[in-house]
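So the chains spell out like this:
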Amino acid sequence: MRQPGLVMLCLGSALALSACQNNSDAQVKRAMKDINVIDESNLNEVMLTVADPGEAVAYFTKAVQDNPGRVDLMRGLGKSLTRAQKPTEAAQVWRQVVAHPEAVADDRVMLADALIRSNQWAEAKAELNQIPPTHESFDRYRLEAMVADADKNWKKADSFYETAVGLTTRPASVLNNWGFSKLTRGDAAGAEKLFTEALTYDPSMFTAKNNLVLARAAQRKYDLPVVRMTQTERAELLYSLGLAAIKQGDVAVGKGLLQQAIDTHPQYFDAAARSLETLDSNVKL
């Protein structure tokens, strides 16, 4: 008489054990899924920052193929293509991102960036014009300034550059671009101030150092500015200064600067030596 009860008890215990097992399996699966998401996010970040650009492109290309609806992976592919200096391909990817239901204003900014890098200025301007004015970001105004520069709309360019500088704690690159814009307009003094300011934020930026030398040369200031530089950089800056002097007709000054560049360089400075040799040959002729 007790057997049915015993059977029911055993059956109930088995069901309870099964339920516990199922719950345990579900928890394990959920935990593993969370871990995989964290691992994937970390790997994605590594690919976007420190990985070889070619490897990052291959990684995100496969990831997008395996997960065609994932907009975050599409963004990763677009950024990786830009890092790999493939802006035309990057622009194609960013167009797909912009068309995605989960697209945001920053995606259109990135599309404009890729278009500028691939020398498609009109298309970039059209994309920037579609971004609402309420979307204010450093990258947006940096690109707006570059487009205004290309249009030679100097007043608008200055306004956008100034806004961009105020939206970042690392404005060296945009100050350098702004300075170069001033230099191309013929405002060498204004350019000199901007290049000098850029170097206060990034003393290692050689492009800004070279541009600063050119801005000073345009004002016939042929001494090197007081900025941090290596011996090799000093020689290269003297070389740029010498060429600028010669271009402006100050040939004797230019020759002296080229000779200083040769004497200063820790190794044989072939470019400066050839320039000086060519100059001497032309003088003899």
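A. Broad picture of the overall build of the protein chain. The number of helices and strands found in the protein chain is 14 helices and zero strands. Counted from the first residue to the last, the protein chain has its helices and strands arranged as α-α-α-α-α-α-α-α-α-α-α-α-α-α. Residues classed as buried in the protein chain amount to 39% of the 285 residues present. When contacts within the protein chain are restricted to residue pairs at least 6 apart in sequence, those whose partners lie at least 24 apart make up 45%. For the protein chain, the accessible surface area stands at approximately 16,700 Å², while carbon and sulfur atoms represent 54% of it.

B. How the structure looks around the pattern of salt bridges. Under the counting rule described, the total for this entry stands at 20 salt bridges. With a closest N to O distance of 2.9 Å, Glu233 and Lys209 form a salt bridge. One end of the pair, Glu233, is in helix α12 (residues 231-247); the other, Lys209, is in helix α11 (residues 206-218), with 24 residues separating them in the sequence. The buried category is assigned to Lys209, whose relative accessible area is 3%. Three or more residues are tied together by salt bridges with common partners; here these are Asp113, Arg117, Asp139 and Arg142.

C. Looking closely at helix α13 (residues 251-264). In this model, α13 (14 residues) spans 20 Å end to end at C-alpha, consistent with the 20 Å of a helix rising 1.5 Å per residue. For α13, the full list of buried residues reads Gly254, Leu257, Leu258, Ala261 and Thr264. Angular distribution of buried residues about the axis of α13 spans 130°; they occupy a single face of the element. Set apart from the buried face of α13 by more than 90 degrees, the exposed residues are Ala252 and Asp263.

D. Local environment of helix α6 (residues 121-129). Among the residues making up α6, those that are buried are Ala124, Glu127 and Leu128. Axial view of α6: buried residues confined to an arc of 100°, hence all on one face. Set apart from the buried face of α6 by more than 90 degrees, the exposed residues are Ala122 and Asn129. Where α6 is buried, its residues contact α4 (87-98), α5 (105-117) and α7 (138-150).

E. Region of the structure containing the packing of aromatic side chains. By the definition in use, this model includes four aromatic pairs. Ring plane angle 55° and centroid distance 5.3 Å describe the contact between Tyr239 and Phe269, whose orientation is recorded as tilted. Of the two residues, Tyr239 sits in helix α12 while Phe269 sits in the loop between α13 and α14 (270-284), which places them 30 residues apart along the sequence. Phe269 shares its class with Tyr239; the two are buried. Residue placement shows Arg140 over the ring face of Tyr141; its charged tip is 5.6 Å from the ring centre.

Criteria and cut-off values
- Residues numbered from 1 in each chain as written.
- Predicted model: local features only at pLDDT ≥ 70, side-chain atom pairs only at ≥ 80, totals over all residues.
- Heavy atoms only, no water.
- Helix = DSSP H or I, 4+ residues; strand = E, 2+ residues; numbered from the N terminus.
- Buried < 20%, exposed > 50% of the residue type's maximum accessible area, 1.4 Å probe, protein only.
- Contact = heavy atoms within 4.5 Å.
- Areas by Shrake-Rupley, 256 points an atom, 1.4 Å probe, with all protein chains shown as cover.
- Salt bridge = Lys/Arg side-chain N within 4 Å of Asp/Glu carboxyl O.
- Expected span 1.5 Å × (residues − 1).
- Arc of directions from axis to C-beta.
- Phe/Tyr/Trp six-rings, centres within 6.5 Å; stacked < 30°, edge-to-face > 60°.
- Lys NZ or Arg CZ within 6 Å of the ring centre and 35° of its normal.

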